[in-house]
Amino acid sequence: MGSREKLPPTVTLAVTRYRPEEESEPTLQTYEAPYRKDWVVLDALNYIKDKVDGSLSFRWSCRMGVCGSCGMMVNGEPKLTCAAFLSDYLPGPIRVEPLQFFPIVRDLVVDMTDFLHKLKKVKPWVVREEERPLSEGEYRQTPEQLDIYKQFSMCINCMLCYAACPIYGLEPGFVGPAAIALAQRYNLDSRDIGAQERLDILSGKDGIWECTFVGECTKVCPKNVDPAGAIQQYKLTGAAHWFKSVLLPWGRK
Amino acid sequence: MDVFSRDVLVVGGGGAGLRAAIAVAEANPRLSLAVISKVYPMRSHTVSAEGGAAAVIKPEDSFDEHAYDTISGGDWLCDQDAVEAFVKEAPAEMLQLEHWGCPWSRQPDGRIAVRSFGGMKVERTWFAADKIGFHMLHTLFQTSLKYDALQRYDECFVTRLLVDDGRCRGVVAIEVATGRIFAIAAKTVILATGGCGRVFPFTTNGAIKTGDGMALAYRAGAPLKDMEFVQYHPTGLPFTGILITEAARSEGGWLLNKDGYRYLQDYGLGKPEPKPVLRSMELGPRDRLSQAFVKEQEKGRTFEGPYGHYVHLDIRHLGEELIDRKLPFVRELCRKYVNLDPVKEMIPIQPVVHYMMGGIHTDIHGATPLPGLYAAGEVACVSINGANRLGSNSLTECLVFGARAGRAAAGFAAEQKESNPAVFAQASDEQKRLEESLLRKTDGKERIASLREEMQKTMEACAGIYRTGAALQQAAQDLHQLQERFHDLRLEDHSYTFNTELTGALELSFMLDVGEAIVASALARRESRGSHQRTDHPQRDNEKFLAHSLAYRTPEGLPRIDYLPVTITRWPPGQRVYGK
């Protein structure tokens, strides 16, 4: 951006307001915030909360794209607002709304308890037959073995992929991109033998077969996790399991 | 009011809190157990830690070396019995995390890889590229899901500890989503709420780090220890305060002033070598590096930018391959937040408030002087960090002392009978206070944000890298006035649903208390040691101050400072020598 370019002094934000005690449905409220080249949408929201309207509610914490708290719809796309620069949305107004497909609790805050239930269901922990005592040291894992699942371990649970997933929008029961990616993170970990235990939930009626491979989850992921890839990959292994268990029920799964 | 009952209640769901909770579940599965946190556990600030976690693993390393580095790094204010326990238990805790699935970086043969770190004489920092805090937190959180005994109260904000008959007996909390106020009667409470970096204006700390647990304990009568010791990390990005990990220097990054000169050589930190040298130059301790920055600024050898003075961190010579493999987050953060590529350009950095060495006074088992109350992690002060923490010791501390506090609390809880009904009256008093003085308050003229900004400016002006008695005295008065003005707060939000103005007000009130404890402790310590540098008392004074400060809250609200001798086992106070 050239230094002579004229910058607007302020930017307009149209922000969702919803207080269930007072309003029957969400509305958009317009605010002005100063425009700064290095401000992100979250900075503007904090300006509004601090100086203009203390009653605006939203979640945030780390402001460096790793805690996963501040996901919202910015001009209709799921974004971490701590990494969405105002300069990318000029001249505005910028529409800031809660993540879609989730129930709204208040203003920009959504209810994500559904995800927490699903996360627990996929057993996102190392499953082993027997624990080796700590005195025997670490489980060896080569950098190549680490690379096989590493990408899926980068999920920050920000929920952008759920807000991008048209299937989740239609079928709220769908286990969804992040939970499947995290299941696959453990399935692919050389220290884990839990794939069989995760099979029912992943291959069940709300599992991977719901996905029609739209791929929006991968596009919006701020951490370059590839949930769509995880799902495709799992379809191959899941299909193999299904084939074996249905057509060859006497065979070993 | 709803009153629930738990044998052990952990407040805070970060590294220390989750480790403590798992320790409780494993020590005694019959105990009822819950974690209460004002955020979902995976949002906790442990998530932002980058560089690594220290534990002896190499054959040429030893517990004594790790202990000595820690003690000299802490300018001899560490309790040496605590440090010895810490270094001995550290490797097992790291391995435990490995067994739970943490994706540690590996050597080609599959063994754990370690890197060097500031102030450490041997490579002993375990890492997961440059996102260890994130991986540690998610590994602990995901592992915690397999313990059915572990119940969670997510997004519930604790406002007060219940104390009766000299014992901690539970908490009062608000469920943020609904505004419902409830109490949890608990036989033991473990505080693991992290630090209070947000007391300062420029910090690496997330918005949630507002000293809640410190203030809760302080108000309940437990003292805050060594609160004057505030760590400035030498390499934060201007404006945002985003941390650029020390690992950037341990991999070989240089600090350059505006003349392109590796200025640390002028501050007794050794000679510049092309490759990193342990305990030398850029691998010196954080307090000395941040102090050197201020001296450079005074000499006019720093750059001036829109967000204050800065110098350069140069990692270009490490090459793209190494940067992508070992420092990918550094590259991601630089590209995203300052629009530069560290493979090709130098990174502007300045010192930034990062960590509190001080915290709630605990013994080596995480027990505070208030029976039934335990603390672990940054909220606590055991003390293994003394006057200056070494990078990569804090994550390990969360695990070692989280586990210790969990085991100790489980043991204590198993011996207790049902809790005392006297606390119910206290709980309804607290409900009344919250509703009358905040939720239903319609008068007042002070804005939360204005008071918070004034507090932060006051703290930076008096309790920064260099301090004076006069500035601290002034700050004590200013903070007292801010406390008065807090009563005249104006709240615009009277909703019970996800009211973040209410939690913001409670956090501000916690921070004011913690700020007063920091200032009073800094004023009373008339010496310079580690991160506490008094220009009016520039020498270390072992005769008077080889002691922990303890800040007690008096009935009038002001802090009273007392002292406790440092435990010395095998390392008598010496000089801190780096670069030799």
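**A few points about the pairing of strand β11 (residues 230–236) of chain B**
Residues and elements named next belong to chain B. β11 sits mainly inside the fold: seven of its seven residues count as buried. In this structure, β11 lies alongside strand β15 (residues 347–356), joined through five bridges in antiparallel fashion. Across the sheet, Q231 pairs through a bridge with Y355, a residue of β15.

**Overview of the packing of helix α2 (residues 63–73) of chain B against helix α3 (residues 80–99) of chain B**
Residues and elements named next belong to chain B. Between α2 and α3, whose axes approach to 9 Å, the crossing angle comes to 130°. Considering their axes alone, α2 and α3 lie oblique with respect to each other. Regarding α2 and α3, the two cross each other, and that crossing is right-handed. Facing F63, H66, A67, T70 and I71 of α2, the residues of α3 in contact are Q80, V83, F86, V87, K88 and P91. Taken together, the residues of the contact of α2 with α3 sort by class into seven nonpolar, three polar and one charged.

**Regarding the sheet that holds strand β16 (residues 359–361) of chain B**
All names here are of chain B. Pairing is mixed across the open sheet formed by five strands, whose spatial order is β18-β16-β10-β21-β22. Edge strands, defined here as strands with exactly one partner in the open sheet, are β18 (380–381) and β22 (559–565). The pairing of strand β21 (residues 547–553) with β22 spans seven bridges and is classified as antiparallel. Directly across from A547, in β22, lies its bridge partner P565. Relative to the sheet, helix α14 (residues 500–524) contacts β10 (224–225), β21 and β22, its axis offset from that of β22 by approximately 55°.

**Quick look at the sheet that holds strand β1 (residues 10–17) of chain A**
Residue and element names in this part refer to chain A. One open sheet accounts for five strands, arranged β2-β1-β5-β3-β4; its pairing is mixed. Only two strands of the sheet have a single partner each, and these edge strands are β2 (27–34) and β4 (77–80). For this sheet, the mean angle separating the axes of adjacent strands, direction not counted, is 35°. Where strand β3 (residues 71–74) meets strand β5 (residues 94–97), two bridges bridge the pair, whose relative direction is antiparallel. For M73, the partnering residue across the bridge sits in β5 and is E97. Its contacts with the sheet put helix α1 (residues 41–52) on β1, β2, β3 and β5, and the angle it makes with β2 is roughly 95°.

Calculation notes
- Residues numbered from 1 in each chain as written.
- Chains lettered and ligands numbered in written order.
- Predicted model: local features only at pLDDT ≥ 70, side-chain atom pairs only at ≥ 80, totals over all residues.
- Heavy atoms only, no water.
- Buried < 20%, exposed > 50% of the residue type's maximum accessible area, 1.4 Å probe, protein only.
- Helix = DSSP H or I, 4+ residues; strand = E, 2+ residues; numbered from the N terminus.
- Pairing = 2+ DSSP bridges.
- Axes fitted to C-alpha atoms, helices over the stretch in contact; angles between N-to-C directions.
- Parallel < 35°, antiparallel > 145°, perpendicular 65-115°, else oblique.
- Left-handed = near helix turned anticlockwise from the far one by under 90°.
- Contact = heavy atoms within 4.5 Å.
- Nonpolar A, V, L, I, M, F, W, Y, C, P; charged D, E, K, R; others polar.

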